[in-house]
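# Structural description and commentary
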Amino acid sequence: MARMTAAQAAVEILKKEGITHLFGLPGAAINPFYSAMRTNGGLTHILARHVEGASHMAEGYTRAKAGNIGVCIGTSGPAGTDMITGLYSAGADSIPILCITGQAPVSKLHKEDFQAVDITSIAGSLTKMAMTVLEPAQVPGAFQQAFHLMRSGRPGPVLIDLPIDVQLAEIEFDIDTYQPLPVYRPTASRAQIEKALDLLAASQRPLIVAGGGVINADAADLLVEFAELTGVPVVPTLMGWGSIPDDHELTAGLVGLQTSHRYGNATLLESDFVLGIGNRWANRHTGSIETYTAGRTFVHVDIEPTQIGRVFAPDYGIVSDAGAALRLFVEVARERAAAGALPDRSAWAHSCQARKGELLRRTDFDDIPVKPQRVYQEMNLAFGRDTRYVTTIGLSQIQAAQLLHVYRPRNWINAGQAGPLGWTLPAALGVATADPQGQVVALSGDYDFQFMIEELAVGAQFNIPYIHVVVNNAYLGLIRQAQRNFDMDYHVQLSFENVNAPELNGYGVDHVKVAEGLGCKAIRVFDPNELGAAFEQAKKLAAEFRVPVVVEVILERITNVSMAGADIDKVNEWEPVAARASDAPSAIRNTL
């Protein structure tokens, strides 16, 4: 067998497991691994400006394509702790990423050595495995187990911590005979699927709720086929958005307290049966459990056994990978369709479709400063069906989910459960790295954008073009709206008179100059009628210069966005709703 350093063995295993790109930054305790990457070749490394940014780039890379696993690397101590937010975000949304940290020598782990921290204890509750490898010969097995765990059951992140002396030690290792471990995913039985379909057949107004598990299983086509066979409308969750096209006749809209459609909530409240597949009944989707469940029968299919009954007890639960379950659902539904045993759902589906045209929010505003609704209207018109949207949290994300349109799986890439500010920019770089020819459009409020704005330099250095729409109201808008309940507006304003940019009229940070200073292109828009031209110019600049292009839109300072406090039947519509088709032109075009 060949002799090599443990670090070289790790690099070779990464390649055998299908890894091509890594995101991180070198340092003393991880330099042997970097040396192995340089010596062995075959891996592309993207140098981040912040290690948290590297972890979010890895997330974006994973989320962009079925089968991808993003890898982030850093030295010991602060780099590992910086990546904790990425591990949390990935684990919360069932996203596999591999975090590799350098560490002090094994003999110094108990001596408070420079930048030595017990990173495995810190990361343990956020990962499927967190391991400090103490013996060089264990390195191959640790990496093999890491990939097995990341892919098996509910996907999620893993951290491997490598002391520097372990990396440097030579081991006997035969990479030619290395094989990834088989992936374990639970599978529904035919009897379970038959029972679920019997329950569905007994209902009058059924819905399918499609969660992120459908996306993770790469099963969107099966979902659409099953919906079409049965005639049952589909509600995608925020993480499942794109599993069925927005303009499909069986798309019923998003449901929830915030990221929802008026017609989606209305349809859920009219239903009497819900089949949830690969979803976790997130609180911002359900709101009050009493309101959400009243008068409805629930079947829940999820890959993780402990998710069944976690939020509320379904009438029937099935532990299964979403793809495996949907394959059986399609098989049994085909048989029943051939036998004429499927109920006719056309009247119910037609009523759901009718609501989509009747319960729209207005987007066609000409106000200056710009109202945010107009931004999303123009984005719908400017960007095509294949556009990948990337965002995280805030009023910008909430309103984008209410007003944008998504047509394909993995074209809405969102940190759903964790929602860390700053996530959008590095995640978009990861997405654009995974899909260099695709149209990637990130969306941030000004505060999210400022959190990790330095990562723009990564896009400039490594020629990773994408468009970043920044809706700037110089406010922490979501927190400001929440503070209404406390009758205050306290430490949420980001406005100030910028002595270097008086043209901003008190909006504070000059994002255009910062973006240009980091090697990118930037456009600022004050007039809503200039949005279309700005988006077209951004496309041309990204194609010509192969760098990120920022389109900053100066918004009105205060917009209260439609949302509810506890119940999905009590959403407060702060703005006028659409009274005619011209009030929401891109919604009419894209949903019907």
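Residues numbered from 1 in each chain as written. Predicted model: local features only at pLDDT ≥ 70, side-chain atom pairs only at ≥ 80, totals over all residues. Heavy atoms only, no water.

### Thoughts on the packing of aromatic side chains
The tally for this structure, following the rule as stated, stands at 12 aromatic pairs. Geometrically, the ring pair formed by tryptophan 281 and tyrosine 292 is edge-to-face, given 5.9 Å between the ring centres and 65 degrees between the ring planes. Linking tryptophan 281 in the loop between β11 (273-277) and α13 (283-286) with tyrosine 292 in helix α14 (residues 289-293), this pair joins segments that are 11 residues apart in sequence. Accessibility expressed as a relative area gives 3% for tryptophan 281, which makes it buried. Residue class for tyrosine 292 comes out buried when judged on its relative accessible area of 0%. Each ring, one from tyrosine 292 and one from phenylalanine 312, has its centre 6.4 Å from the other, and the planes form 50 degrees; the classification is tilted. Placement of the pair is tyrosine 292 in helix α14 and phenylalanine 312 in the loop between β12 (297-302) and β13 (316-319), with a sequence separation of 20 residues. Like phenylalanine 312, tyrosine 292 is buried. Ring pairing ties together the aromatic residues Trp281, Tyr292, Phe298 and Phe312, which thus form one cluster. Arginine 480 extends its terminal NZ or CZ atom over the ring of tyrosine 475, reaching a point 5.9 Å from the ring centre. (Phe/Tyr/Trp six-rings, centres within 6.5 Å; stacked < 30°, edge-to-face > 60°. Helix = DSSP H or I, 4+ residues; strand = E, 2+ residues; numbered from the N terminus. Buried < 20%, exposed > 50% of the residue type's maximum accessible area, 1.4 Å probe, protein only. Lys NZ or Arg CZ within 6 Å of the ring centre and 35° of its normal.)

### What about the pattern of salt bridges?
In the structure shown here, the tally under the stated rule is 26 salt bridges. With a shortest N-O distance of 2.4 Å, arginine 334 and glutamate 225 are connected by a salt bridge. Of this pair, arginine 334 sits in helix α15 (residues 322-338) while glutamate 225 sits in helix α11 (residues 220-230), and the two are 109 residues apart along the sequence. Judged by relative accessible area, glutamate 225 falls into the partly exposed class, the value being 24%. Arginine 374 is the salt-bridge partner of glutamate 378, the closest N and O atoms lying 2.8 Å from each other. Linking glutamate 378 with arginine 374, this pair stays in helix α17 (residues 372-382), spanning 4 residues, or about one helical turn. The exposure classification of glutamate 378 matches that of arginine 374, with both residues buried. Through salt bridges that share partners, Arg190, Glu194, Asp198, Glu331, Glu335 and Arg336 make up one connected network. (Salt bridge = Lys/Arg side-chain N within 4 Å of Asp/Glu carboxyl O.)

### Here we look at the pairing of strand β5 (residues 97-103)
Buried residues dominate β5, accounting for 7 of its 7 residues. Alternating residues of β5 divide into Ile97, Cys99, Thr101 and Gln103 and Leu98, Ile100 and Gly102, and every residue in both groups is buried. Bridging between strand β4 (residues 70-74) and β5 involves 5 bridges; their strand directions are parallel. Within β5, the residue paired with glycine 70 across the bridge is isoleucine 97. (Pairing = 2+ DSSP bridges.)

### Re helix α9 (residues 190-201)
Helix length check: α9 (12 residues) gives 16 Å between terminal C-alpha atoms against 16 Å at 1.5 Å per residue, within 8%. Turning to α9, its buried residues number three or more, namely Ile193, Ala196, Leu197 and Leu200. Taken down its axis, α9 places every buried residue within 95 degrees of arc, on the same side. Tucked inside the fold, the buried residues of α9 contact β9 (206-210), α11, β11, β12, β13 and α15. (Expected span 1.5 Å × (residues − 1). Arc of directions from axis to C-beta. Contact = heavy atoms within 4.5 Å.)

Coordinates in, geometry out; function isn't part of it.
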